[in-house]
Amino acid sequence: METKKMSFGARVKESCRKFIVSLKHKPHMIPMAMLAFTFLFYSLNLTHVSNATAAINKFPMGLCGFVTMLFSILSLVCFMNAFPHRKPVNKLMLTLMVLMVVAIFASDVIYTLTLIGTVTGPNPIKVNKDQVDIMNKVLQDLWVHGILLLVSMAIIALLPVYSKLLRKINTSIEVEAGKEMASLDVAE
């Protein structure tokens, strides 16, 4: 049997086709990847949050950072359990995941308001240049994290829409040998 070597373009095209086929079977992997990216973004910038918490040290800041980290991990676990293989969506797990994401967003908002309130509130604390730089970086990180959370929730909400669109993509391949099979006589 003779095997053909595929060109680089054909291999890329085939790997893209296989990727789309896998997304057609598991479209929930798109929001899962976005949630994982959001968690990874926060985790990689956790040093800035910890430094700001240590520098300012107001009451709910440490708790908000803890809630964000804990619920980020648990929301990923709930999301994985919300879409079991070849079973209907587990609505309880999906609801828990949405509630956790709302809690994460709320803790980001509370952290941001506490951070801003310590500098501009009725009893402002004096901060040096290093603390201002840390605070600006944390505020920027929390804004981006909040936007990523909102995008993740939008992707989750639109899952039924784009899963139907993914199913409409033609990923079948034409097999030349299949045309010859029709002319074979099975009786022989």
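Here goes a summary of the coordinates provided. These figures come from a predicted structure and were not determined experimentally.

1. Considerations on the packing of helix α4 (residues 59-82) against helix α5 (residues 91-120)
Right, on to step 1. Relative orientation of the contacting elements α4 and α5 amounts to 160 degrees, with a least axis distance of 8 Å. Put simply, α4 runs roughly antiparallel to α5. With respect to the hand of their crossing, α4 and α5 are arranged in left-handed fashion.
Right, on to step 2. In terms of residue class, the contact of α4 with α5 is built from 20 nonpolar, 6 polar and 1 charged.

2. Let's talk about the nonpolar core
Across soluble globular proteins, you tend to see nonpolar side chains buried next to one another.
Right, on to step 1. Residues Leu35, Phe79, Phe83, Met97, Val101 and Ile156 are the most contacted members of the largest nonpolar core, which totals 17 residues.
Right, on to step 2. Within the residue set of this core, elements represented by two or more residues are α2 (29-44), α4, α5, α6 (129-157) and α7 (159-167).
Right, on to step 3. Within the second largest apolar cluster, 12 residues are counted, among which are Ile56, Met61, Cys64 and Leu115.

3. Here's the deal with α5
Right, on to step 1. If you check α5, its first and last C-alpha atoms are 43 Å apart, about what 30 residues at 1.5 Å a residue would give, namely 44 Å.
Right, on to step 2. Inspection of α5 places Met97, Met100, Val101, Ile104, Ser107, Asp108, Tyr111, Thr112, Thr114, Leu115 and Thr118 among the buried residues, and these make up the whole buried set.
Right, on to step 3. The inward-facing, buried residues of α5 contact α2, α3 (46-56), α4 and α6.

4. Overview of the side chain of serine 107
Right, on to step 1. Relative to the elements of secondary structure, serine 107 occurs in helix α5.
Right, on to step 2. Classification of serine 107 by relative accessible area gives buried; the value is 5%.
Right, on to step 3. Polar contacts involving the side chain of serine 107 include one to the side chain of threonine 68, which spans 2.6 Å.
Right, on to step 4. For serine 107, the side chain forms a polar contact with the main-chain oxygen of isoleucine 104, separated by 2.9 Å.
Right, on to step 5. Among all residues touching serine 107, those that are not within four sequence positions of it are Cys64, Val67 and Thr68.

5. What to know about the pattern of salt bridges
Right, on to step 1. Across all of its chains, the model carries 3 salt bridges by this definition.
Right, on to step 2. Note that lysine 129 and aspartate 133 form a salt bridge whose closest N and O atoms lie 3.4 Å from each other. Of this pair, lysine 129 and aspartate 133 both sit in helix α6, 4 residues apart, which is roughly one turn of that helix.
Right, on to step 3. Residue classification places lysine 129 among the exposed positions, given a relative accessible area of 60%.

6. Observations regarding the packing of α2 against α6
Right, on to step 1. Where α2 contacts α6, the two axes come as close as 9 Å, and the packing angle between them is 170 degrees. The orientation of α2 with respect to α6, classified from their angle, is roughly antiparallel. Counted together, Ile30, Pro31, Met34, Leu35, Phe37, Thr38, Phe41 and Tyr42 of α2 and Asp141, Leu142, Val144, His145, Leu148, Leu149, Val151, Ser152, Ile155 and Ile156 of α6 form the full contact between these two elements.
Right, on to step 2. Tallied by class, the residues present in the contact of α2 with α6 amount to 14 nonpolar, 3 polar and 1 charged.

7. Focus: the side chain of asparagine 45
Right, on to step 1. Structurally, the position occupied by asparagine 45 is in the loop between α2 and α3.
Right, on to step 2. The class of asparagine 45 is buried, set by a relative accessible area of 13%.
Right, on to step 3. A polar contact is formed between the side chain of asparagine 45 and the backbone oxygen of phenylalanine 41, at a distance of 3.0 Å.

8. Focus: the packing of aromatic side chains
Right, on to step 1. This structure, assessed with the given rule, holds 1 aromatic pair.
Right, on to step 2. The interplanar angle of 55 degrees and the centroid separation of 5.0 Å between the aromatic rings of phenylalanine 79 and phenylalanine 83 together place this pair among those described as tilted. Of the two residues, phenylalanine 79 and phenylalanine 83, both sit in the buried class.

The rules behind these values
- Residues numbered from 1 in each chain as written.
- Predicted model: local features only at pLDDT ≥ 70, side-chain atom pairs only at ≥ 80, totals over all residues.
- Heavy atoms only, no water.
- Axes fitted to C-alpha atoms, helices over the stretch in contact; angles between N-to-C directions.
- Helix = DSSP H or I, 4+ residues; strand = E, 2+ residues; numbered from the N terminus.
- Parallel < 35°, antiparallel > 145°, perpendicular 65-115°, else oblique.
- Left-handed = near helix turned anticlockwise from the far one by under 90°.
- Nonpolar A, V, L, I, M, F, W, Y, C, P; charged D, E, K, R; others polar.
- Core = buried A, V, L, I, M, F, W, Y, C linked by side-chain atoms within 4.5 Å.
- Buried < 20%, exposed > 50% of the residue type's maximum accessible area, 1.4 Å probe, protein only.
- Expected span 1.5 Å × (residues − 1).
- Contact = heavy atoms within 4.5 Å.
- Polar contact = N/O pair within 3.5 Å; in protein donor to acceptor, adjacent residues only side chain to side chain.
- Salt bridge = Lys/Arg side-chain N within 4 Å of Asp/Glu carboxyl O.
- Phe/Tyr/Trp six-rings, centres within 6.5 Å; stacked < 30°, edge-to-face > 60°.

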